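So the chains spell out like this:
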Amino acid sequence: LLNQDTYLVNGELKKWEGQTSAVFSTISSTEKYEPTILGSIPFMGEKEAMEAVEAASKAYNNGQGLWPTMKVVDRIKCMENFVTQMKTTRTEVVKLLMWEIGKSLGDSEKEFDRTVEYIYDTIDSLKELNSRSSHFSKVQGINAMVRRGPLGVVLCLGPYNYPLNETFSLLIPALIMGNPVIFKPAKHGVLLISPLLEAFRSSFPAGAINIVYGRGREVASPIMKSGKVDILALIGNSKSAIALQDQHPNKNRLRLVLGLEAKNPAIILPDADLDLTIQECIAGSLSFNGQRCTALKVLYVHESIADEFNKRFAAKVDALSFGNPWDKSVFLTPLPEKEKPAYIQELIDDATSKGAKIINKKGGEHTENYIFPAVLFPINKEMRLYHEEQFGPVVPILSFKDIQEPLNDMAESNYGQQVSLFGKDIKTIAPLIDTLVNLVCRVNLNSSCQRGPDVFPFTGRKDSAVGTLSIHDALRSFSIRTFVASKDN
Ligand code: G3H
């Protein structure tokens, strides 16, 4: 059992003596996949939330604190020190990623390594940004020396599916730009922060990074209500993002960096290479059990190839293996959210009661607290699965006659992150791309949707995102451009 009884506030690792809440895992060496207790975390409340707010505000000190005024080269040194220490925690963090969220060994290692790389790339990007911004430029007799400065206190809330990598894609740029951060880990993937606490404490000045635990309403809400948060940085759902914004007493002062829901479609044209398309759609819709914001969450197949696509896709899904994340032959792993199988079942029941069929043999089979991916066809607008972001193992398929049908659906959708387009004829594809880029932010040709490589801009239209995450853009999202102007006399 790992009892996480330490939190970080004002540069001090404090022992928690109060109530704790249990951290469960659905992984089990007995292969029963029943929820087992992994450890515990502090169940914090307003008092600790306020301690963190005070520490971060003091560290910022209206822009005059040690961290926001520190030279960029010195902030970079702090970050280099952190990442050097972080690298020594790889084995432990990878193990916790598997146990806490059920991510496969390969993907857990990838998440860790990608995060380390993200930090180094951020450092390089800041060096480049800094060298460019320190230049003078002269316009109409005025010299301007432009630079980028911090904005204030950041509340950072990451998602459970990438508790390290995506959380750090907010936390690292926020911190390195001179903003003090209050970080509350997600409900799953919280124990894996333990091995990193000492690295955080020893690398940054007091109050620059504060780490507290607990439920959103007990911890994040009082932090927002204090009015001392300048940036809300969240990856999660819009409902929480809106509720938290509403709690801030002065919303005009609040900057948002948000990664929210998506319902990325795949559009499969009649001339698509079916082997490649099926392979990409399996990975796109079901890697990490579909628990990725970039997952393909609805497939549009041209009616002329729908029968063949459905048959072959369903057979491939049935051939996917399920088991513990450390078993390298396994593709599907237990779900960390114990309520997820019931939710997926509701979506399946709703769709089948309105005319859809489960087209794969194993679809919807329950293995203890897991539900085997169901492939459902044909989906229509009356069904919840058409509208809701399932974020789990179920694949809805629609067929279309005219390309305008999926385009209209995308235009009406509340989301606009990415799309995958499968086809060969460039004369058909080229004009389509011109339309698709106005509906989403990334068009993936003959490949599934994904966030990386992390240097690419990662954002979305409509309810899918506010601000841009990626190495370069995130540095801009967490800073403001200021300049000194002097006249030629
Ligand atoms: O859950 C949302 C993540 O941004 C997905 O990232 O495409 O690298 O798996 P990924």
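Look a little higher up for the structure.
Given the structure is predicted, the values throughout are model-derived calculations rather than measurements. (Residues numbered from 1 in each chain as written. Predicted model: local features only at pLDDT ≥ 70, side-chain atom pairs only at ≥ 80, totals over all residues. Heavy atoms only, no water.)

Draft legend 1. Examining the site of the ligand more closely. Around the ligand lies a shell formed by Arg-114, Asn-161, Tyr-162, Glu-166, Arg-292, Cys-293, Thr-294, Gln-450, Arg-451 and Phe-458. Separating an oxygen atom of the ligand from a side-chain N or O atom of Thr-294 is a distance of 2.6 Å. Notes on the ligand: free accessible area 310 Å², of which the protein chains cover 96%. Considered class by class, the residues forming the shell around the ligand number three nonpolar, three polar and four charged. (Near = heavy atom within 4 Å. Polar contact = N/O pair within 3.5 Å; in protein donor to acceptor, adjacent residues only side chain to side chain. Areas by Shrake-Rupley, 256 points an atom, 1.4 Å probe, with all protein chains shown as cover. Nonpolar A, V, L, I, M, F, W, Y, C, P; charged D, E, K, R; others polar.)

Draft legend 2. How the structure looks around the pattern of salt bridges. Under the criterion given, the structure shown has 26 salt bridges. The partner of Glu-388 in a salt bridge is Arg-384, with the nearest N and O atoms 2.7 Å apart. Look at Glu-388 and you get partly exposed, because its relative accessible area is 25%. Taking relative accessible area as the criterion, Arg-384 reaches 27% and is therefore assigned partly exposed. Taken together, the shared-partner salt bridges in this structure form one network comprising Lys-187, Glu-337, Glu-339 and Lys-340. (Salt bridge = Lys/Arg side-chain N within 4 Å of Asp/Glu carboxyl O. Buried < 20%, exposed > 50% of the residue type's maximum accessible area, 1.4 Å probe, protein only.)

Draft legend 3. Main features of the sheet that holds strand S5 (residues 36-42). Taken in spatial order, the three strands line up as S1-S5-S4 in an open sheet, and their pairing is mixed. In this open sheet, the two strands that pair with only one neighbour each are strand S1 (2-3) and strand S4 (20-25). Inspection of the sheet shows S1 paired to S5 by two bridges, in the parallel sense. Bridging from a neighbouring strand, Asn-3 pairs with Ser-40 of S5. (Pairing = 2+ DSSP bridges. Helix = DSSP H or I, 4+ residues; strand = E, 2+ residues; numbered from the N terminus.)

Draft legend 4. Representation of the nonpolar core. Core analysis: the biggest nonpolar cluster contains 95 residues, and Phe-82, Phe-168, Leu-171, Phe-200, Phe-204 and Ile-209 have the highest contact counts within it. Looking at which element gives the most residues to this core, the answer is helix H5 (residues 105-133), with eight residues. Each residue touching Phe-200, except ones within four places of it in the same chain, is listed here: Leu-8, Phe-82, Phe-168, Leu-171, Ile-209 and Ile-211. Core analysis: the second largest hydrophobic core is formed by 56 residues, Ala-266, Ala-374, Val-375 and Tyr-386 among them. (Core = buried A, V, L, I, M, F, W, Y, C linked by side-chain atoms within 4.5 Å. Contact = heavy atoms within 4.5 Å.)

Draft legend 5. Expanded view of the packing of aromatic side chains. Overall, the coordinates contain 11 aromatic pairs when judged by the stated rule. Here Phe-82 and Phe-200 contribute two aromatic rings whose centre-to-centre distance is 4.3 Å and whose plane-to-plane angle is 25 degrees, an arrangement assigned as stacked. Placement of the pair is Phe-82 in helix H3 (residues 72-87) and Phe-200 in helix H7 (residues 197-203), with a sequence separation of 118 residues. Through a chain of ring-to-ring contacts, three or more aromatic side chains come together here, namely Trp-67, Phe-82, Phe-168, Phe-200 and Phe-204. The ring of Phe-288 has Lys-103 lying over it, and the distance from NZ or CZ to the ring centre is 4.9 Å. (Phe/Tyr/Trp six-rings, centres within 6.5 Å; stacked < 30°, edge-to-face > 60°. Lys NZ or Arg CZ within 6 Å of the ring centre and 35° of its normal.)

Draft legend 6. The arrangement of helix H12 (residues 340-353) in detail. Helix length check: H12, at 14 residues, gives a terminal C-alpha distance of 20 Å against a target of 20 Å (1.5 Å per residue), a fit within 8%. Within the span of H12, buried status applies to Lys-340, Pro-341, Ile-344, Leu-347, Ile-348, Asp-350 and Ala-351. Buried residues along H12 sit in contact with strand S15 (357-358), strand S17 (370-371), strand S18 (374-377), helix H13 (384-387) and strand S19 (394-400). Where H12 ends, the next residue or the one after it, Gly-355, has phi of about 110 degrees, a positive value. (Expected span 1.5 Å × (residues − 1).)

Draft legend 7. A look at the packing of helix H1 (residues 46-60) against helix H8 (residues 216-225). Remark: H1 packs on H8, axes separated minimally by 8 Å, with the N-to-C direction vectors making an angle of 45 degrees. The pairing of H1 with H8 is recorded here as oblique in orientation. Here the hand of the crossing between H1 and H8 comes out right-handed. Residues Glu-46, Ala-49, Met-50 and Val-53 of H1 form the contact with H8, whose participating residues are Glu-218, Val-219, Pro-222 and Ile-223. (Axes fitted to C-alpha atoms, helices over the stretch in contact; angles between N-to-C directions. Parallel < 35°, antiparallel > 145°, perpendicular 65-115°, else oblique. Left-handed = near helix turned anticlockwise from the far one by under 90°.)

Draft legend 8. Main features of the sheet that holds strand S7 (residues 142-149). Ordered by their spatial adjacency, three strands build an open sheet running S6-S7-S25, and the pairing between neighbours is antiparallel. Strands with a single pairing partner mark the edges of an open sheet, and in this sheet they are strand S6 (136-139) and strand S25 (480-487). Ignoring which end each strand starts from, the neighbouring axes of this sheet average 35 degrees apart. In this sheet, S25 lies alongside S7 in antiparallel orientation, the contact comprising eight bridges. Within S25, the position partnered with Arg-148 by the bridge is Arg-481.

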